[in-house]
Amino acid sequence: NILAPLQSGQTVNLSMSKRSDQAEYNFSMANEGWLILENVTSSNTSLAVSLWNQNNNQLFSYNNLPSTNRLARVYLAAGHYSLRVNSNSDQAATFQFDARIDLTGVYSHAGQTLNTAQEVFLHNGQTEMDIIQPVINQPYLYRFVLNQGDTFNAMLSDAQAGQIRL
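Keep in mind the model is a prediction, meaning the values are calculated, not measured.

A.B. asks: Help me understand the overall build of the chain in this model?
C.D. replies: Assigned secondary structure in the chain consists of zero helices and 11 strands. In sequence order, the chain lays out its α and β elements as β-β-β-β-β-β-β-β-β-β-β. Scored against the burial criterion, the 166 residues of the chain give a buried share of 31%.

A.B. asks: Would you mind showing me how to read the confidence of the model for the chain here?
C.D. replies: Low-pLDDT stretches of the model should not have their predicted coordinates read in fine detail. For the chain, mean pLDDT is 77; residues scoring 70 or higher make up 71% of the total. Mean pLDDT per element in the chain: strand β10 (residues 118-120) is the minimum at 72, and strand β3 (residues 22-29) is the maximum at 93.

A.B. asks: I tried to follow the sheet that holds strand β5 (residues 47-53) on my own but got confused; where do I start?
C.D. replies: The strands that make up a sheet pair up through hydrogen bonds in the backbone, lying either parallel or antiparallel. In spatial order, the strands read β1-β3-β8-β5-β6; together these five strands make up an open sheet with mixed pairing. The sheet terminates laterally at β1 (2-5) and β6 (58-62), the two strands that pair on one side only. Direction aside, neighbouring strands of the sheet carry axes that sit 15° apart on average. With four bridges connecting them, β5 and β6 associate as antiparallel partners. Of the residues in β6, the one forming a bridge with W52 is Q58.

Conventions adopted
- Residues numbered from 1 in each chain as written.
- Predicted model: local features only at pLDDT ≥ 70, side-chain atom pairs only at ≥ 80, totals over all residues.
- Heavy atoms only, no water.
- Helix = DSSP H or I, 4+ residues; strand = E, 2+ residues; numbered from the N terminus.
- Buried < 20%, exposed > 50% of the residue type's maximum accessible area, 1.4 Å probe, protein only.
- pLDDT = per-residue confidence, 0-100.
- Pairing = 2+ DSSP bridges.
- Axes fitted to C-alpha atoms, helices over the stretch in contact; angles between N-to-C directions.

Below is the structure:
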């Protein structure tokens, strides 16, 4: 088992061979911003990656790593976090990624392509959110997940001109 800090610009290479294998990488965000994992590769589906906040609440978990588009990113508030990689079998597996932390507004091309669409999600107990989108002269893309029974409403403020397409 591995317990180590995660630094921006760090390349992580892991090998796991037992169901009990786990690697945990801790990092802090002084300000809100993006945690970006690039060049993500995994040899098989027996590995799972999850992100936990400072209150030990799981923010997400993903376990089909070979099907990723080699990029994972999440927008985080300031705080302390743990990125955990677990093996789900006794099969040998490898996992690699480049970690990067970008402050608000620094992540280039955000929202301009499907791969860089802003990920939107409701926090535990949250039932609605407002997104204040700066005015730009091109489409801005968002990615979100709805559960059965959820309702999605979108509107432009009175001061904005434009359109919303789903």
